[in-house]
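Read off the chains here:
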Amino acid sequence: MTNKVSTTLILIVLILNTVYGQNFQNLDFQQKCDSSKTGLCYWDLSWGGKKSVSAEMIDNKNVIAINGQDESSVGFVEQEANSTDTTRVKILSISSFVKSEGVLGKGAGLNIGLYDRNGNLLAAKDMGGFYSVNWITGTNNWSKYAISVVFPKETDKIKIGMILYGKGRVWFSDFDVKITPIDDRKPSKLAQQYVNSA
């Protein structure tokens, strides 16, 4: 009887992991890992030295802190997950509360990368450039920032992250990921008029 229950539980976990394979872990930054260069489980240090990123508690929030020593410094923390639902077009949105101190250079922000099965970049979004919010610079108290990108059906791997290009210190808290299917949406009349006039 115990073996049947154990086998059933293992199967349920495997099924849930397959169905929800694009779930990200440790978005509240509470799980600490000594083996991780960031100090946090599931979050990888992609650019920058080990001392450029740390897990901290400030203002009663668990945070990832990224430090830049000069304006050419780059600190980039990211996490990746596989996409299991390749049948629908979706919008991927990420958000985080961000606090900064003395940030000079390009600035700090959020980042999304979507890749196909061969590792080719399908889409990317960060907080700079056309149709984006601006990079975070200077000294700012906690504010919520968000970015979104259309998630093509061919997406196999999703990378989300936080980055500081430059000097200063930035803290990220309350990270959130939302995936919204859009293939059943109908365009507004204004949008339809715009498309028809093109």
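Each value, and the rule that gives it
Residues numbered from 1 in each chain as written. Predicted model: local features only at pLDDT ≥ 70, side-chain atom pairs only at ≥ 80, totals over all residues. Heavy atoms only, no water. Helix = DSSP H or I, 4+ residues; strand = E, 2+ residues; numbered from the N terminus. Buried < 20%, exposed > 50% of the residue type's maximum accessible area, 1.4 Å probe, protein only. Contact = heavy atoms within 4.5 Å. Areas by Shrake-Rupley, 256 points an atom, 1.4 Å probe, with all protein chains shown as cover. 1 Å grid on protein atoms, 1.4 Å probe; cavity = no way out; pocket = protein on both sides within 12 Å on 5 of 7 lines; lining within 4 Å. Points joined across faces, edges and corners; volume = space filled by probe spheres on them. Nonpolar A, V, L, I, M, F, W, Y, C, P; charged D, E, K, R; others polar. Phe/Tyr/Trp six-rings, centres within 6.5 Å; stacked < 30°, edge-to-face > 60°. Lys NZ or Arg CZ within 6 Å of the ring centre and 35° of its normal. Salt bridge = Lys/Arg side-chain N within 4 Å of Asp/Glu carboxyl O. Core = buried A, V, L, I, M, F, W, Y, C linked by side-chain atoms within 4.5 Å. Pairing = 2+ DSSP bridges.

Q: How should the overall build of the protein be read in this particular structure?
A: Helix and strand counts for the protein stand at 2 helices and 8 strands. Going residue by residue from the N terminus, the α and β elements of the protein occur as α-β-β-β-β-β-β-β-β-α. Across the 198 residues in the protein, those meeting the buried criterion constitute 40%. Residue pairs at least 24 apart in sequence account for 75% of intrachain contacts in the protein once pairs closer than 6 positions are excluded. Carbon and sulfur atoms form 52% of the exposed surface of the protein, whose accessible area is close to 11,700 Å².

Q: Please clarify how the layout of surface pockets should be interpreted in this entry.
A: Take a probe with the size of a water molecule and roll it over the atoms, and the empty space left behind shows itself. Put simply, the largest pocket is a space of about 180 Å³. Surrounding the largest pocket, 14 residues form its lining, Phe-76, Asn-111, Ile-112, Gly-113 and Tyr-115 being those nearest its centre. Elements with a minimum of two residues in the lining of the largest pocket: strand 1 (44-47), strand 4 (74-82), strand 5 (90-115), strand 6 (121-126) and strand 8 (157-181). Partitioning the lining of the largest pocket into residue classes produces 8 nonpolar, 3 polar and 3 charged.

Q: Would you explain the packing of aromatic side chains in this entry?
A: For any pair of aromatic rings, the description rests on two quantities: the centre-to-centre distance and the angle between the ring planes. Scanning the entire structure with this criterion turns up 4 aromatic pairs. Ring plane angle 90° and centroid distance 5.4 Å describe the contact between Trp-135 and Tyr-165, whose orientation is recorded as edge-to-face. With Trp-135 in the loop between strand 6 and strand 7 (136-151) and Tyr-165 in strand 8, the pair connects residues that are 30 residues apart, well separated along the chain. Look at Trp-135 and you get buried, because its relative accessible area is 15%. Among the aromatic residues, those joined into a ring-pair cluster are Phe-29, Trp-43 and Phe-175. Between Lys-159 and the ring centre of Tyr-115, over which it is positioned, the NZ or CZ distance is 5.3 Å.

Q: I keep staring at the pattern of salt bridges and nothing clicks. Help me out?
A: Two side chains that carry opposite charge are able to pair once their charged atoms sit near each other. According to the stated counting rule, one finds 6 salt bridges in the structure shown. Ionic pairing is found between Glu-80 and Lys-157, a salt bridge with its closest N-O pair at 3.3 Å. Linking Glu-80 in strand 4 with Lys-157 in strand 8, this pair joins segments that are 77 residues apart in sequence. Classification of Lys-157 as partly exposed rests on a relative accessible area of 26%. Its salt-bridge partner being Arg-117, residue Asp-156 comes within 3.6 Å of it at the nearest N-O pair. Of the two residues, Asp-156 sits in the loop between strand 7 and strand 8 while Arg-117 sits in the loop between strand 5 and strand 6, which places them 39 residues apart along the sequence.

Q: I would appreciate a short explanation of the nonpolar core in the present structure.
A: Counting 37 residues, the largest nonpolar core has Trp-43, Ile-64, Ile-66, Ile-160, Met-162 and Phe-175 as its most contacted members. Mapped onto this core, the elements with two or more residues apiece are strand 3 (61-68), strand 4, strand 5, strand 7 and strand 8. By residue number, the principal contributor to this core is strand 8, which donates 10 residues. In this view, Ile-160 contacts Phe-24, Leu-27, Trp-43, Val-77, Glu-78, Gln-79, Ile-94, Asn-111, Phe-175 and Val-177; residues no more than four positions away in its chain are not counted.

Q: I tried to follow the pairing of strand 3 on my own but got confused; where do I start?
A: Each regular strand carries side chains that alternate between the two faces of the sheet. Judged by how many residues are buried, strand 3 sits mostly within the fold: 7 of 8 residues are covered. Here strand 2 (residues 53-58) runs beside strand 3; their pairing, made up of 6 bridges, is antiparallel. When the sheet's bridge partners are listed, Ile-58 is paired in strand 3 with Lys-61. Two successive antiparallel strands, strand 2 and strand 3, enclose a turn made up of 2 residues, where Asp-59 displays a positive phi of approximately 50°. Relative to strand 8, strand 3 is paired through 6 bridges, and the arrangement is antiparallel. When the sheet's bridge partners are listed, Val-63 is paired in strand 8 with Ser-173.

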